[in-house]
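Observations on the three-dimensional arrangement
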Amino acid sequence: MSEESNIDIYRRRFMSGTATAAAGLAVAPGVMLTEVARAKPADQAVSSDIRWGMLIDTNKCNEGCNDCVTACNEEHNLEGFGRPATDAQWIRKVTLKDKQTGNIQTLPMLCQHCEHPPCVDVCPTGASFKREDGIVLVDKHICIGCRYCMMACPYKARSFVHEKLQDQMPYSPRGKGTVESCTFCVHRVDEDILPACVVACKEENHNAITFGDMNDPDSEISQQLKQHSSRQVRADLELNTGVRYRGI
Amino acid sequence: MIKYSLITLLFSLLLGVYTPGTAADVASGEDTSGPFIPKAQRRFSEEQGCVEPTGEMRANHMEYILDQRDATVHEGIRTRQYSLQECINCHVSDAEDAPRVDNEEHFCSSCHTYAAVSIDCFQCHADRPVKSRFDSLSNSSMHRIGSAAVPPTTLDSEQLKVLSNEDFGNE
Ligand code: SF4
Ligand code: SF4
């Protein structure tokens, strides 16, 4: 396809596209332009200018609520086989109880997208890797299923697929014999859409999870991290995690 | 093949089973010895059926998919021309009872069975188009990163450049 016809197709799509986009143009073209310019074009590689991160406010995370977990399972079609010990689990709720006071807190635990990920250090094949923008993934084309990374991860964030699978989501390929973990919904993030768990939490008005670019001082997550104290789980390991917690 | 057709024609004539139908088949040189390959749902462009000329795709589709795979997994490049997902969207029917990859009538299997080359793509990838909740999300501002409603970004840099230069003035 020639460049010109590509552009024509794009123009048509854009002009006839979303009503919100058109309304936005009429009101404030300048604003839209900066927004458009910020979004990553599909043919451009991700860069280290961005570091995706997540801030979880445990004060807003309700005991008994499992919405983020359900949303993740649905998004990636993580069906269970009735074997909780080995079923895939990308995000799970953890309950903390202060034995002295009886105070109970719950929080979602997931891959922390470490800046210095032990899973990548130990992987013998190079299948575990960190993207330029900080998202830690498994390239399942290369993974041999040795599970070293599962042993190395301090957060117990990874799962091994034990069963033959069918009807995987097109954007989330998964298969028997490989290891997997939270991808920060990389298929969404690359299109400027929030991860499924974040949306689920928002939709139920809990708003316990903030997601964004930790390298951008103006992003909501950077602002919140600046204003409030937060912690990394097992900060002593100095992995500089991409997931931070408030209220623990 | 031509030789075979001629012999068939001669035999049909000899046996007196000659019909206009077989004559037409022979005249168009239709080759029925290869695999039956299901038709794609769409054309890529007016001039071209697939994303590259058909002969090129038959010989080298795996190279295109392999390059795209590394670019997508490691660099987050999500152009659609050579993506396996788009191959499936166009070449495989989304009907409930459409053949799956373990069936010879599935687009990929039709040729791969014929050529006796096994494929392992579909141990992990969906072997048919799967509709998902995610497909309908991109226009809702609640789902967007950042507060403003940003239009979908399945555009490449060339398209964005044109957009900012011509349609909105260059700032
Ligand atoms: S949390 Fe575990 S799986 Fe995730 S990057 Fe860190 S070590 Fe790797
Ligand atoms: S299981 Fe796969 S990703 Fe994990 S260490 Fe082994 S090869 Fe690497």
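Let me sum up the structure you'll find in this document. Every chain is numbered on its own, with residues counted from 1 as its sequence reads. To label them, take the chains in the order written and letter them from A, then take the ligands in the order written and number them from 1. A pLDDT threshold of at least 70 governs which residues receive local features in this predicted model, and a stricter bar of 80 or more applies before side-chain atom pairs are shown or counted, although totals over entire chains, interfaces and linings include all residues. Side-chain metrics rest on all non-hydrogen atoms present in the structure, leaving aside hydrogens and water.

1. Focus on the overall build of chain B
Across its full length, chain B holds six helices and zero strands. Secondary structure elements are taken from DSSP: a helix is a run of H or I of four residues or more, a strand is a run of E of two residues or more, and numbering for both begins at the N terminus. In chain B, the succession of α and β elements from N to C terminus is α-α-α-α-α-α. The buried share among the 171 residues of chain B stands at 29%. By definition, residues are in contact when any of their heavy atoms lie within 4.5 Å. Within chain B, contacts between residues at least 6 apart in sequence are counted, and of these 51% link residues at least 24 apart. As displayed, chain B has an accessible area near 11100 Å², and 55% of this comes from carbon and sulfur atoms. Burial classes follow relative accessibility: with a 1.4 Å probe on protein chains only, a residue under 20% of its type's maximum area counts as buried, one over 50% as exposed, and anything between as partly exposed. Per-residue and other accessible areas follow the Shrake-Rupley method at a 1.4 Å probe size, with only the shown protein chains counted as cover for residues.

2. Some details on the pairing of strand S3 (residues 104-110) of chain A
Residues and elements named next belong to chain A. Across the seven residues that make up S3, a large majority, five, are buried. Whether two strands pair depends on DSSP finding at least two bridges between them. In this sheet, S3 lies alongside strand S2 (residues 91-97) in antiparallel orientation, the contact comprising seven bridges. Residue pairing across strands places Arg92 opposite Met109, the latter belonging to S3. Taking the residues that link successive antiparallel strands as the turn, the S2-S3 hairpin has six residues, and the phi of Gly102 there is positive, at about 85°.

3. Details of the site of ligand 2
Nearness is defined per residue: one heavy atom within 4 Å of the molecule or strand is enough. Taken together, 14 residues sit near ligand 2, with Cys123, Cys143, Cys146, Arg147 and Cys149 of chain A positioned nearest. Three residue categories are used. Nonpolar comprises Ala, Val, Leu, Ile, Met, Phe, Trp, Tyr, Cys and Pro, charged comprises Asp, Glu, Lys and Arg, and polar comprises the others, including Gly. Considered class by class, the residues forming the shell around ligand 2 number ten nonpolar, three polar and one charged.

4. A look at the packing of helix H4 (residues 67-75) of chain A against helix H8 (residues 196-203) of chain A
All names here are of chain A. Relative orientation of the contacting elements H4 and H8 amounts to 135°, with a least axis distance of 8 Å. Classed by the angle they form, the pair H4 and H8 counts as oblique. Judged by the twist between their axes, the crossing of H4 over H8 is right-handed. From H4, Asp67, Cys68, Ala71 and Glu75 reach across to H8, where they touch Ala196, Cys197 and Ala200. Here the contact of H4 with H8 is composed, by residue class, of five nonpolar, no polar and two charged. Every axis corresponds to a line fitted to the C-alpha atoms, with the helix fit spanning only the stretch in contact, and the corresponding angles, defined between N-to-C directions, vary from 0 to 180 degrees. Put simply, angles under 35 degrees are roughly parallel, angles over 145 are roughly antiparallel, angles from 65 to 115 are roughly perpendicular, and the rest are oblique. Helix crossings are classified by the rotation of the near helix relative to the far one: an anticlockwise turn of less than a right angle makes the crossing left-handed, while a clockwise turn makes it right-handed.

5. What about the site of ligand 1?
Taken together, Cys111, Gln112, His113, Cys114, Pro117, Pro118, Cys119, Val136, Cys153, Pro154, Tyr155 and Arg158 of chain A are the residues near ligand 1. For the shell around ligand 1, a count of residues per class yields nine nonpolar, two polar and one charged.

6. Thoughts on the pattern of salt bridges
When a carboxyl oxygen of Asp or Glu lies within 4 Å of a side-chain nitrogen of Lys or Arg, that pair is called a salt bridge. Following the criterion strictly, the structure yields 14 salt bridges over all chains and no others. The partner of Arg83 of chain A in a salt bridge is Glu163 of chain A, with the nearest N and O atoms 2.5 Å apart. Of this pair, Arg83 of chain A sits in the loop between H4 and S2 while Glu163 of chain A is found in the loop between strand S6 (159-160) and strand S7 (179-180), placing the two residues 80 residues apart along the sequence. By relative accessible area, Glu163 of chain A is classed as partly exposed at 21%. Where salt bridges share partners, they join Arg131, Asp133 and Asp190 of chain A together with Arg78 of chain B into one cluster.

7. Some details on H4 of chain A
Residue and element names in this part refer to chain A. Every buried residue of H4 is accounted for by Cys68, Val69, Ala71, Cys72 and Glu75. What you see down the axis of H4 is that its buried residues fit within an arc of 165°, all on one side. As for H4, its buried residues are in contact with S2, S3, helix H7 (186-189) and H8. At the C-terminal side of H4, Asn77 shows a positive phi close to 55°. By construction, the arc corresponds to the directions joining the helix axis to the C-beta atoms.

8. Describing the side chain of Lys40 of chain A
Mapped onto the secondary structure, Lys40 of chain A falls in the loop between helix H3 (29-38) and strand S1 (52-57). When charges are tallied, Lys and Arg are placed among the positive residues and Asp and Glu among the negative ones, while His and the ends of the chain are skipped. Buried and unpaired, Lys40 of chain A has Asp190 of chain A as its nearest opposite-charge partner, separated by 4.9 Å. Whenever two N or O atoms come within 3.5 Å, that pair is a polar contact, provided that in protein one can donate a hydrogen and the other can accept it, and provided that, for residues adjacent in sequence, both atoms are side-chain atoms. Looking at Lys40 of chain A, its side chain comes within polar contact range of the main-chain oxygen of Gln44 of chain A, at 2.8 Å. At 2.9 Å, the side chain of Lys40 of chain A and the backbone oxygen of Gly76 of chain B are in polar contact.

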